[in-house]
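Coordinate inspection notes
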Amino acid sequence: MNTVVIKVSQKVMSQMKEAYKGNILNKKVPHSAFVVKKGSTTITAYTSGKVMFQGESAQREAAVWGEEIPKKKKPSSSKRGANASLPENLSQLSVLGSDEVGNGSYFGPVTVCAAYADKEHLSELRELGVKDSKALTDTQIRQMAEKIKELIPYQLLVVNPEKYNQIQPTYNAVRMKVALHNQAIALLLEKIAPVKPEAILIDQFTPEANYMKYVAMERTMVDQRLYFTTKGEQYHLAVAAASIISRASFLDELDKASTELGMTIPSGAGAKSDQVAADILRKGGLELLRNYAKLHFANTEKAQKLV
Ligand code: MN
């Protein structure tokens, strides 16, 4: 489908609303001001000022109101193509990177971290041994996280299970992650201002178009100089650093939970998690479990059957 996004002022937005008033749908899209159906074209105006035109005459219709926000280059279809749109010398630039941990684990929080590694700190990070957190032991991760935190600016966000369970029914997992990455990035940009990173690299968890769709719903959105790639930690140490800080925080939270409950709380979402969840249910029911586990996972039902 043809999609064009423009950004307009509040004034233009009101003019649009007036012009389309006969075609405004009685439909609620989150964070939208109004939705219009004109012929085969759907126009969604977001309170952020972004307006999305979808359909055959998207281009023509959008051109009336403003200039199209240029789309990022589409990745080519080759295997390594996903990275074709990255700046060539990316690993040498001053980059703000972000990554998250815990989304696939039944127990524990979702932690998201943004870290800013400028050119001057790259060699020090490398000397610390910063690399893919999956290639490091838990002990190494904790030690390294402390050193990284002393060395470079970062912003860590922790969504504990209790909070997660409150948000989860309205925010799907992807939208929640987009909101968290966006928030961590925005807060870190504030911290380092007036310094601006040359690129913002997000360890990719959803197609770029999806990210942009959800980020447009956020009050403060960062949508400039954004780059996405899977295995982001291999493309810049900022992502590797962010990944290590997120993982260390996730491990700390699991430890805290283990101490509070007096049992070892595992990560992941396997059979072990079902058993531990069953123990928690026996101890304090769902009221207790909701503080430690992401209840919408299938593990909850399996644990209930075990009890
Ligand atoms: Mn990741």
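Anything mentioned here points back to the structure above.
Let me sum up the structure you'll find in this document. Keep in mind that this is a model prediction, so the values were computed, not measured.

Quick look at the overall build of the protein
- In terms of regular secondary structure, the protein is built from 10 helices and nine strands.
- With respect to the principal axes defined by its C-alpha atoms, the protein has extents near 65 × 50 × 40 Å.
- Across the protein, contacts joining residues at least 24 apart in sequence account for 70% of those joining residues at least 6 apart.
- Taken as a whole, the protein presents about 15600 Å² of accessible surface, with 50% of it coming from carbon and sulfur.
- Of the side-chain charges in the protein, 41 are positive and 32 negative, and the distance between the mean point of each set is 7 Å.

Comments concerning the packing of helix α9 (residues 271–289) against helix α10 (residues 298–306)
- At a minimum axis separation of 8 Å, α9 and α10 run at an interaxial angle of 85°. By the angle class used here, α9 and α10 are roughly perpendicular. Residue-level contacts link Ser273, Asp274, Gln275, Ala277, Ala278, Leu281, Arg282, Leu286 and Leu289 of α9 to Asn299, Thr300, Lys302, Ala303, Gln304 and Leu306 of α10.
- Residue composition of the contact of α9 with α10, by class: seven nonpolar, five polar and three charged.

Considerations on the coordination of the manganese ion
- Around the manganese ion, the protein supplies Asp99 (OD) and Asp203 (OD) as donor atoms, at distances of 2.1 Å. On the criterion of sequence distance, the pair formed by Asp99 in strand β5 (residues 95–101) and Asp203 in strand β8 (residues 199–203) is long-range, its members being 104 residues apart. A single burial state applies to Asp99 and to Asp203, both of which are buried.

Examining the sheet that holds strand β4 (residues 50–54)
- Spatial ordering of the open sheet is given by β1-β4-β3-β2, a layout of four strands whose pairing is antiparallel. Lying at the two open borders of the sheet, with one neighbouring strand each, are β1 (3–7) and β2 (32–38). Taken over all neighbouring pairs, the strand axes of this sheet differ in orientation by 15° on average, direction set aside.
- Pairing between β1 and β4: five bridges, direction antiparallel. Bridging from a neighbouring strand, Ile6 pairs with Val51 of β4.

Brief notes about the sheet that holds β8
- Ordered by their spatial adjacency, five strands build an open sheet running β7-β6-β5-β8-β9, and the pairing between neighbours is mixed. Sheet topology places β7 (154–159) and β9 (226–229) at the edges, where each strand pairs with a single neighbour. Mean inter-strand twist for the sheet, computed between neighbouring axes without regard to direction, equals 15°.
- Looking at chain direction, β5 and strand β6 (residues 110–117) are connected through seven bridges and run antiparallel. The residue bridging Val95 from the neighbouring strand is Ala117, located in β6.

Things to note about the layout of surface pockets
- Its volume calculated, the second largest pocket comes out at about 260 Å³.
- Lining the second largest pocket are 15 residues, and of these Tyr171, Ala179, Leu180, Gln183 and Glu218 sit closest to its centre.
- The set of elements that each furnish at least two residues to the lining of the second largest pocket consists of α5 (161–167) and α6 (173–192).
- Examining the composition of the lining of the second largest pocket, we find that eight residues originate from one element, α6, more than from any other.
- Grouping the amino acids of the lining of the second largest pocket by side-chain chemistry returns eight nonpolar, three polar and four charged.

Things to note about the pairing of β8
- Burial within β8 is extensive, with five of its five residues counted as buried.
- Covered by surrounding structure in β8 are Ala199, Leu201 and Asp203 together with Ile200 and Ile202, the residues of both alternating faces.
- Of the strand pairs in this sheet, β5 and β8 are connected by four bridges, and their pairing is parallel. Following the sheet pairing, Gly97 is matched in β8 by Leu201.
- Pairing of β8 with β9, which is carried by four bridges, proceeds in the parallel orientation. If you follow Ile200 over to β9, its bridge partner there is Leu226.
- For the segment spanning β8, helix α7 (residues 208–215) and β9, crossover handedness is right-handed.

Some words on the packing of aromatic side chains
- Scanning the entire structure with this criterion turns up five aromatic pairs.
- For the pair Tyr106 and Phe107, a centre-to-centre distance of 4.9 Å together with 65° between the ring planes defines the contact as edge-to-face.
- Looking at Phe107, the relative accessible area reads 0%, which means it is buried.
- Between Tyr106 and Phe297, the aromatic rings sit 5.9 Å apart at their centres with planes inclined by 45°, giving tilted as the arrangement. Highlighted residues: Tyr106 in the loop between β5 and β6 and Phe297 in the loop between α9 and α10, separated in sequence by 191 residues.
- Chaining the aromatic ring pairs together yields one cluster made of Tyr106, Phe107 and Phe297.
- For the cation-ring pair, Lys213 lies above Tyr214, with the distance from its terminal atom to the ring centre recorded as 4.8 Å.
- For the cation-ring pair, Lys294 lies above Tyr164, with the distance from its terminal atom to the ring centre recorded as 5.9 Å.

The rules behind each value
- Residues numbered from 1 in each chain as written.
- Predicted model: local features only at pLDDT ≥ 70, side-chain atom pairs only at ≥ 80, totals over all residues.
- Heavy atoms only, no water.
- Helix = DSSP H or I, 4+ residues; strand = E, 2+ residues; numbered from the N terminus.
- Contact = heavy atoms within 4.5 Å.
- Areas by Shrake-Rupley, 256 points an atom, 1.4 Å probe, with all protein chains shown as cover.
- Lys, Arg positive; Asp, Glu negative; His and termini not counted.
- Charge placed at Lys NZ, Arg CZ, Asp CG, Glu CD.
- Axes fitted to C-alpha atoms, helices over the stretch in contact; angles between N-to-C directions.
- Parallel < 35°, antiparallel > 145°, perpendicular 65-115°, else oblique.
- Nonpolar A, V, L, I, M, F, W, Y, C, P; charged D, E, K, R; others polar.
- Donors = N, O, S within 2.8 Å, 3.2 Å for Na, K, Ca; no water.
- Buried < 20%, exposed > 50% of the residue type's maximum accessible area, 1.4 Å probe, protein only.
- Pairing = 2+ DSSP bridges.
- 1 Å grid on protein atoms, 1.4 Å probe; cavity = no way out; pocket = protein on both sides within 12 Å on 5 of 7 lines; lining within 4 Å.
- Points joined across faces, edges and corners; volume = space filled by probe spheres on them.
- Right-handed = clockwise from strand over helix to strand, strands pointing away.
- Phe/Tyr/Trp six-rings, centres within 6.5 Å; stacked < 30°, edge-to-face > 60°.
- Lys NZ or Arg CZ within 6 Å of the ring centre and 35° of its normal.

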